[in-house]
Amino acid sequence: MNAVLKNYVAGEWAAGAGISRNVNPSNTKDIIGEYAKADSAQTLQAIAAAKAAFPKWSRSTPQERFDALNRISTEILSRKDELGHLLAREEGKTLAEGIGEVARAGQIFAFFAGEALRLTGEKGASVRPGLDVEITREAVGVVGLITPWNFPIAIPAWKIAPALCFGNTVVFKPAEIVPGSAHALSEIIARSGIAAGVFNLVMGSGSVVGQTLIEHPDVAAVSFTGSVATGRRIAQACVASTPMKKFQLEMGGKNPLVVLDDADVKVAVEAAVNGAFFSTGQRCTASSRLIVTQGIHDRFVEALTERVKGLVVDDALKTGTHMGPVVDQNQLDQDISYIGIGKDEGAKLHWGGERLNRETPGFYLQPAIFTGATNAMRIAREEIFGPVASVIAARDYDEALAISNDTEFGLAAGICTASLKYASHFKRNSEAGMVMVNLPTAGVDYHVPFGGRKGSSYGAREQGAYAREFYTIVKTAYTYPG
Ligand code: ADP
């Protein structure tokens, strides 16, 4: 076993207070590495380092920030195959998906390198004679970034890149079960020429490292992606702290894909398979509710089943694998438990849902399709976060739209139809933050806003130019030239 991989605090690589083992979900005998686990004291050091680095970094030139972010992007992109391999090995998405995600992270850093140069203010006339009014944006301060395991490099990238771009200093806490990609990304950031303390990595648990971050008065803002329960806790802690923190939450989804009678069955099936089962269904934008009108229902279910039967579930790193394993035992237990709940509720397990054995011991699960589900069932209301999709029959477009909006969530929603009328109506009336027409609910661009409504998200949008809303604060300055 190689040396324990360390945390990065105040410009130094530092051992933690404990160790966590990074296990390959495709082969639990494969230990990817041992990683430091920070305690509260180390987290406090990281916060102090970020606070000390803030005055200088927040006043750095756009050129300095461009150079750092651009260097990070270049290294990520030039190592995308190697980093994608590490990502697929630790998280269980396929190698192609892993490499794609790493490339995305590189593109995000490139985008925010450019954004550093583009930040401008406004100058206007005052309503009072002789005065000037200026509106500028400033860095917020120390930001705590808390990320989940399902996109181990892309989500950190879409928080770290804008945070640094706009002059904030960072304390980054990745999810415990995927420290590898976070550590590799942090090494690249550490090499980018930024000063000590501007960026800090503290791997460790949510209850210790995360909790310290969200309670500390010197952390000015928290950006979080993860579960609803943790999101709510973070919101409460941010409001309870003095001063109150700015916060941004991306949480769950129960995303609908509506399939109308006039849809191209092939297009609808591809959208459903991609949305429901790619990345093993472990995406907050996954299509877990397939809402299908009656004229196409049977044809769609038949074509979907045939397509899903052909999906190869195996080791994430093997050529030919379409769907890797579930990320860990806890998540597998949750998926299997929901499959049981669906059956008990009276939905028909139409295909799949079996635990699979492969050459190596891993958390393999067949994709599962329920039919005859209703929107009242728990499998249609609660986020499963696995390769489980429920087909819900609808009479017509109006009922399909009503079902699609009947959820506490509102992240992404999709519709498959050849009708401009229905597509336009759906785009206007869907209560989701992101709407897709003839496309999977998952899969987004990086230069436009990402986020949801209702119980899925809270606060300013992430990604694209909109990211500046969270990572900057607005100042209005009045001048009387005399
Ligand atoms: P998931 O189901 O994706 O693991 P969680 O919400 O449990 O969702 O975890 C998302 C992130 O939030 C992880 O980095 C986790 O360690 C962190 N986290 C969990 N509990 C807390 C907490 N009490 N305070 C801050 N962060 C937390």
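All values derive from a computational prediction rather than experimental measurement. (Residues numbered from 1 in each chain as written. Predicted model: local features only at pLDDT ≥ 70, side-chain atom pairs only at ≥ 80, totals over all residues. Heavy atoms only, no water.)

(A) The arrangement of the overall build of the chain in detail. Counting secondary structure elements, the chain contains 15 helices and 22 strands. Whereas a compact globule of 482 residues would reach a radius of gyration of roughly 23 Å, the chain reaches 23 Å, a difference of no more than 12%. The C-alpha extent of the chain, read off along each of the three principal axes, is 75 × 65 × 40 Å. Residues classed as buried in the chain amount to 57% of the 482 residues present. Looking at the chain alone, contacts between residues at least 24 apart form 73% of all its contacts between residues at least 6 apart. Across the chain, the mean location of the 48 positive side-chain charges is 4 Å away from that of the 50 negative side-chain charges. (Helix = DSSP H or I, 4+ residues; strand = E, 2+ residues; numbered from the N terminus. Rg over C-alpha atoms; globule rule 2.2 N^0.38 Å. Buried < 20%, exposed > 50% of the residue type's maximum accessible area, 1.4 Å probe, protein only. Contact = heavy atoms within 4.5 Å. Lys, Arg positive; Asp, Glu negative; His and termini not counted. Charge placed at Lys NZ, Arg CZ, Asp CG, Glu CD.)

(B) Expanded view of empty space enclosed by the protein. Applying the stated criterion across every chain, the model contains three cavities of 30 Å³ or more. Its volume calculated, the largest cavity comes out at about 90 Å³. Around the largest cavity sit 15 residues that line it, and Gly-281, Ala-286, Ser-288, Ile-384 and Phe-385 are the ones nearest its centre. A class-by-class count of the residues in the lining of the largest cavity yields six nonpolar, six polar and three charged. As for the second largest cavity, its lining consists of 16 residues, of which Pro-256, Ser-404, Thr-407, Phe-409 and Gly-410 are closest to the centre. Contributions of two or more residues to the lining of the second largest cavity are made by strand E12 (255-259), helix H13 (397-405) and strand E19 (412-416). (1 Å grid on protein atoms, 1.4 Å probe; cavity = no way out; pocket = protein on both sides within 12 Å on 5 of 7 lines; lining within 4 Å. Points joined across faces, edges and corners; volume = space filled by probe spheres on them. Nonpolar A, V, L, I, M, F, W, Y, C, P; charged D, E, K, R; others polar.)

(C) Structural detail: the domain arrangement of the chain. According to the domain assignment, the chain contains domain 1 (7-251) and domain 2 (256-437). For domain 1 versus domain 2, the separation of C-alpha centres amounts to 31 Å. Counting residues at the interface gives 21 residues for domain 1 and 26 residues for domain 2. Overall, the association of domain 1 and domain 2 removes approximately 1,800 Å² of surface from exposure, summing both partners, and the carbon and sulfur fraction of that is 61%. Looking only at domain 1, the three residues that lose the most surface to domain 2 are Pro-25, Ser-26 and Trp-149, adding up to 27% of its buried area. Summed over the shared surface of domain 1 and domain 2, the result is eight residue pairs in polar contact (both at pLDDT 80 or more). Those elements giving two or more residues to the side of domain 1 that touches domain 2 turn out to be strand E4 (27-37), helix H3 (80-91) and helix H4 (95-118). At four residues, the largest contribution of residues to the side of domain 1 that touches domain 2 is made by H3. For the side of domain 1 that touches domain 2, the class distribution of residues is eight nonpolar, seven polar and six charged. (Domains from an automatic or database assignment. Buried area = accessible area lost by both parts, 1.4 Å probe. Polar contact = N/O pair within 3.5 Å; in protein donor to acceptor, adjacent residues only side chain to side chain.)

(D) Focus on the packing of H13 against helix H14 (residues 420-429). Where H13 contacts H14, the two axes come as close as 11 Å, and the packing angle between them is 25°. Taken as axis vectors, H13 and H14 run roughly parallel relative to one another. The handedness of the crossing between H13 and H14 comes out as right-handed. Taking contact as the criterion, the partners of Tyr-397, Leu-401, Ser-404 and Asn-405 in H13 are, on H14, Tyr-422, His-425, Phe-426 and Asn-429. Looking at the contact of H13 with H14 residue by residue, the classes come out as four nonpolar, four polar and no charged. (Axes fitted to C-alpha atoms, helices over the stretch in contact; angles between N-to-C directions. Parallel < 35°, antiparallel > 145°, perpendicular 65-115°, else oblique. Left-handed = near helix turned anticlockwise from the far one by under 90°.)

(E) Representation of unusual backbone geometry within the structure. A cis amide bond, omega -5°, links Thr-242 with the succeeding residue Pro-243. Locating Pro-243 in the fold gives a position in the loop between helix H8 (228-240) and strand E11 (246-250). Of note in this structure, Ala-10 is not a glycine but carries a positive phi near 55°. Following the sequence through the fold, Ala-10 ends up in the loop between strand E1 (7-9) and strand E2 (12-14).

(F) View of a negative patch on the surface. Judged by side-chain charge, Asp-261, Asp-262, Asp-396 and Asp-398 come together as a negatively charged surface patch. Residue Asp-398 is classed as exposed on the basis of its relative accessible area of 54%. (Patch = residues over 30% accessible without salt bridge, like charges linked within 9 Å, V, L, I, M, F, W, Y side chains within 5 Å. Areas by Shrake-Rupley, 256 points an atom, 1.4 Å probe, with all protein chains shown as cover. Salt bridge = Lys/Arg side-chain N within 4 Å of Asp/Glu carboxyl O.)

(G) Summary view of the sheet that holds strand E14 (residues 348-352). Overall, mixed pairing links the seven strands, which are arranged E14-E17-E18-E13-E12-E19-E20 in an open sheet. Since the sheet does not close on itself, it has two edges, and those belong to E14 and strand E20 (434-437), each with one partner. Across the sheet, the mean angle from the axis of one strand to that of its neighbour is 20°, orientation sign disregarded. Alignment of strand E13 (residues 287-293) against strand E18 (residues 388-394), held across five bridges, turns out to be parallel. (Pairing = 2+ DSSP bridges.)

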